[in-house]
Amino acid sequence: MTVIDNFGHTYSELVAEINMLEARMNDLLTERRFLLKSMNSTAPKGMGAVDYSKDQVQSNFVPYTLDRIVERMNKIDTMIQQVDEQLKAKRETLSKLDSILAQMDGLEYKVAFMRDKLNMKLHEIADKLGYSYDHIRRVSSRIQKMPHRCHIQHKFSSVN
């Protein structure tokens, strides 16, 4: 296994971790919105007379008590803060890996970067790097495909 294969595996794992953290963040934010709506449903309603001619049970929904909602929201806010910090760190690492890949020497690195990050076609890569299309095609087939996710934009001049 070459260094580029290991890099691709590490990079893929990092992208997967970021995706999982983003999904968790969305879940926490959704739960927080639900709890905010629940606060309104537990608020006292206007005073009125009770109509005993109607069925009293309208649903099986039992609202949380306000103290329980506040306690859960505090826990969620703490988790949101922790997930946000993890996401920032992972994105920063991904950005550094993208930057390192853009600066590396070696044809395999350049082909992988231009193919997978800049979404260039093999004939464009061959023209840019001054190699034949067939040679770039062979190099490209030797290296593992990297994820398309890229958080920073690179200029073509950074791979020369």
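Residues numbered from 1 in each chain as written. Predicted model: local features only at pLDDT ≥ 70, side-chain atom pairs only at ≥ 80, totals over all residues. Heavy atoms only, no water.

### Things to note about the overall build of the chain
Helix and strand content of the chain: five helices and zero strands. Its helices and strands in sequence order give the chain the pattern α-α-α-α-α, from N to C terminus. When the 160 residues of the chain are sorted by exposure, 29% land in the buried category. Restricting to contacts in the chain with at least 6 residues of sequence separation, those with at least 24 account for 79%. When the accessible area of the chain is evaluated, it comes to approximately 10900 Å², of which 54% is carbon and sulfur surface. (Helix = DSSP H or I, 4+ residues; strand = E, 2+ residues; numbered from the N terminus. Buried < 20%, exposed > 50% of the residue type's maximum accessible area, 1.4 Å probe, protein only. Contact = heavy atoms within 4.5 Å. Areas by Shrake-Rupley, 256 points an atom, 1.4 Å probe, with all protein chains shown as cover.)

### Things to note about the pattern of salt bridges
For the structure on display, the rule yields 10 salt bridges. Glu31 is the partner of Arg72 in a salt bridge, and the nearest nitrogen-oxygen pair spans 2.8 Å. Of this pair, Arg72 sits in helix α2 (residues 66–103) while Glu31 sits in helix α1 (residues 3–42), and the two are 41 residues apart along the sequence. Given a relative accessible area of 29%, Arg72 falls into the partly exposed group. (Salt bridge = Lys/Arg side-chain N within 4 Å of Asp/Glu carboxyl O.)

### As for the nonpolar core
With 16 residues, the main nonpolar core has Val83, Leu87 and Leu94 as its most contacted residues. Of all the elements in the fold, those that place two or more residues in this core are α1 and α2. In contact with Leu87, not counting residues within four places along its chain, are Ile18, Leu21, Glu22 and Met25. (Core = buried A, V, L, I, M, F, W, Y, C linked by side-chain atoms within 4.5 Å.)

### Section: the side chain of Arg115
Within the fold, Arg115 resides in helix α3 (residues 107–117). For Arg115, a relative accessible area of 12% puts it in the buried group. Within the structure, the side chain of Arg115 is placed 2.7 Å from the side chain of Ser140, a separation counted as a polar contact. (Polar contact = N/O pair within 3.5 Å; in protein donor to acceptor, adjacent residues only side chain to side chain.)

### Remarks on the packing of α3 against helix α4 (residues 122–129)
Direction vectors running N to C along α3 and α4 enclose 135°, while the axes themselves pass 10 Å from each other. Considered as vectors, α3 and α4 are oriented oblique to each other. Crossing angle aside, the handedness with which α3 passes α4 is right-handed. Across from Leu107, Lys110, Val111, Met114 and Arg115 in α3, the residues of α4 making contact are Leu122, Ile125, Lys128 and Leu129. (Axes fitted to C-alpha atoms, helices over the stretch in contact; angles between N-to-C directions. Parallel < 35°, antiparallel > 145°, perpendicular 65-115°, else oblique. Left-handed = near helix turned anticlockwise from the far one by under 90°.)

### Here we look at the packing of α4 against helix α5 (residues 133–142)
Axis separation between α4 and α5 bottoms out at 9 Å; the angle between their running directions is 115°. Relative to α5, α4 is oriented roughly perpendicular. For the pair α4 and α5, the crossing hand works out as right-handed. In this structure, α4 uses Leu122, His123, Ile125, Ala126 and Leu129 to contact α5, whose residues at the interface are Tyr133, Ile136, Arg137 and Ser140.

### Things to note about α3
Of all 11 residues in α3, 10 are buried, a share of seventy percent or more. Every buried residue belonging to α3 is among Leu107, Tyr109, Lys110, Val111, Ala112, Phe113, Met114, Arg115, Asp116 and Lys117, and all of these are buried. Taken from the residues just after α3, Asn119 is the one with a positive phi, measuring 55°.

### Some details on the confidence of the model for the chain
Of all residues in the chain, 68% have pLDDT values of 70 or greater, and the mean over the chain is 77. Contacts from residues 148–160, a stretch scored under 50 in pLDDT, to residues over four places away or in other chains number 35 contacts. (pLDDT = per-residue confidence, 0-100.)

### As for α5
Think of an α-helix as 3.6 residues a turn; residues three or four steps apart then line up on the same face. Those residues of α5 lying buried are Ile136, Val139 and Ser140. Viewed end-on, α5 has its buried residues packed into an arc of 100°, placing them on one side of the element. Facing away from the buried side of α5, by more than 90 degrees, are the exposed residues Ser141 and Arg142. Buried residues in α5 make contact with α3 and α4. (Arc of directions from axis to C-beta.)

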